[in-house]
Amino acid sequence: MNEPLHNKFTTQAKIIGLKDLTPTVREFTLELPRALPWSPGSHLPISLEVKGFKTWRHYSLTGATHPQRYQFAVKKLDQGRGGSMALWSLELGELVHVGTPKNHFSLDTSAPSYLLVAGGIGVTPFVSMVQAIKAQSQRQKSPAPSIKMLYGARDEQELAYIDFFRQNLQATQLHVCVDDKGERFDFRAQIAQLAPKTQAYVCGPQAMLSAFRLAWSDSERALEDLHFETFGTSGAQVNEAFSLKVPRHGVDLVVGQDETLLEVLERNGVQTLYDCQRGECGLCAMDVLALDGVIDHRDVFLSPHEKSSNQKICVCVSRVCGTIILDSAYREDEIFVN
Ligand code: FES
């Protein structure tokens, strides 16, 4: 693949720590030769070789914001696109290339109160967020803003950072739900209890984000107080192969079950702008010329209205059941003169 926009600069990092937080979540610690500052909510691009191809994957940074030390946690997905398996095969002391951290989920440390909502591996950015909120109030010698956290996972042993949150939040601040026990958060009830001007930060699977976003907009709270990101791997439909045509490039292809639209486009010479590869920045959105089937929109960039109109698709994460015909931004007759 071509380099994403922000990966023109890369540096080598050494794996100095590996820690299994759960049977399927491993925490990696990397050390860099020089400082590359980052802030809570940032994600780190990592260059990996997946199934014989060089590609980039992005992982939310976690832990303290040390400028030369990066920590992130990766959930092993046997049926995923291969990035997690490639990372899990790495050993202590190995070197990896990383790009500059980017933040599409930055924390506003001036909020009077916070609601943090984490689903599964979506919990990772909240470790540094909780640390930052507490550190800020200590620096200012002011009472800590109120924090409430809703942390959900499929089963109890997948609550990867539960010990950290139990140590750093009071029992009344931390609410846990486990799918296996039939527990579910009532987002509407939780939102109704929030103080005015509370900022909500939500990270987790797409279905959870959609439910929360709906409950938030129905509550008539300000949309700018809602911040969310996803990890772009989960959608309403299971991953299946689908057909892709790009008439402008004479392309008629199949997107396999374990590859993204973006990967297939790039591999077949259809150059596409992209950056985050997590469905957040919107740079990869392409025009839909025709659709025979349904789009499983997995991004958090397009609005609900844009998603329902199916005129655009974020090709880094979204998928299709059926056939889709896309147009690219490429125009043969466009000549730029300075
Ligand atoms: S590259 Fe950012 S949304 Fe697709």
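Description of the structure in this document. Keep in mind that what you see is a predicted model, and the values were worked out from it rather than measured.

### Section: the overall build of the chain
Helices and strands together make up the secondary structure of the chain, namely seven helices and 17 strands. Computed over C-alpha atoms, the radius of gyration of the chain comes to 20 Å, within 12% of the 20 Å expected from 2.2 N^0.38 for 338 residues, which places it in the range of a compact globule. Dimensions of the chain, computed from C-alpha atoms along their principal axes, come out at roughly 60 × 50 × 50 Å. The buried share of the chain, reckoned over its 338 residues, is 50%. Pairs at least 24 apart in sequence give 69% of the contacts found in the chain among residues at least 6 apart. The centroid of the 34 positive side-chain charges in the chain is displaced by 5 Å from the centroid of its 39 negative side-chain charges.

### What about the packing of aromatic side chains?
What the rule picks out here adds up to ten aromatic pairs. Summarising the aromatic geometry, the rings of Phe-105 and Tyr-201 are spaced 5.8 Å apart at their centres and angled 70° between planes, so their arrangement reads as edge-to-face. Here Phe-105 is found in the loop between strand S7 (102-103) and strand S8 (113-119), whereas its partner Tyr-201 is found in strand S11 (residues 199-203), with 96 residues between them in sequence. For the pair shown, Phe-105 and Tyr-201 are each scored as buried. Residues Phe-212 and Trp-216 carry aromatic rings whose centres are separated by 6.0 Å and whose planes lie at 25° to one another, so their mutual orientation is stacked. Here the residue Phe-212 and the residue Trp-216 both occupy positions in helix H5 (residues 206-218), the gap between them amounting to four residues, near one helical turn.

### A word on the sheet that holds S8
Read from one edge of the open sheet, five strands run S10-S9-S8-S11-S12, paired in parallel fashion. In the strand order of this sheet, the two ends are held by strand S10 (174-178) and strand S12 (226-229), each with one partner. On average, each strand axis in the sheet is inclined to that of its neighbour by 10°, with strand direction left out of account. Pairing of strand S9 (residues 146-153) with S10, which is carried by five bridges, proceeds in the parallel orientation. Bridging from a neighbouring strand, Met-149 pairs with Leu-174 of S10. Here H5 sits on the sheet and contacts S8, S11 and S12; the angle it forms with S11, its principal contact strand, is near 160°.

### Comments concerning the state of the cysteines
Enumeration over the complete set of coordinates arrives at zero disulfides. You can see Cys-314 has no disulfide; the closest cysteine sulfur is in Cys-284, sitting 4.5 Å from it. Classification of Cys-314 by relative accessible area gives buried; the value is 1%. With no disulfide partner, Cys-321 has as its closest neighbouring cysteine sulfur the one in Cys-314, 17 Å distant.

### With respect to the pairing of strand S2 (residues 25-31)
Burial within S2 is extensive, with six of its seven residues counted as buried. Two strands pair when backbone bridges link them, and strand S1 (residues 10-22) and S2 are joined in this way by seven bridges, in the antiparallel orientation. In the sheet register, Lys-19 faces S2, and the bridge partner there is Glu-27. The pairing of S2 with strand S5 (residues 69-75) spans seven bridges and is antiparallel. Among the inter-strand pairings, Phe-28 is bridged to a residue of S5, identified as Phe-72.

Parameters and conventions
- Residues numbered from 1 in each chain as written.
- Predicted model: local features only at pLDDT ≥ 70, side-chain atom pairs only at ≥ 80, totals over all residues.
- Heavy atoms only, no water.
- Helix = DSSP H or I, 4+ residues; strand = E, 2+ residues; numbered from the N terminus.
- Rg over C-alpha atoms; globule rule 2.2 N^0.38 Å.
- Buried < 20%, exposed > 50% of the residue type's maximum accessible area, 1.4 Å probe, protein only.
- Contact = heavy atoms within 4.5 Å.
- Lys, Arg positive; Asp, Glu negative; His and termini not counted.
- Charge placed at Lys NZ, Arg CZ, Asp CG, Glu CD.
- Phe/Tyr/Trp six-rings, centres within 6.5 Å; stacked < 30°, edge-to-face > 60°.
- Pairing = 2+ DSSP bridges.
- Axes fitted to C-alpha atoms, helices over the stretch in contact; angles between N-to-C directions.
- Disulfide = S-S within 2.5 Å.

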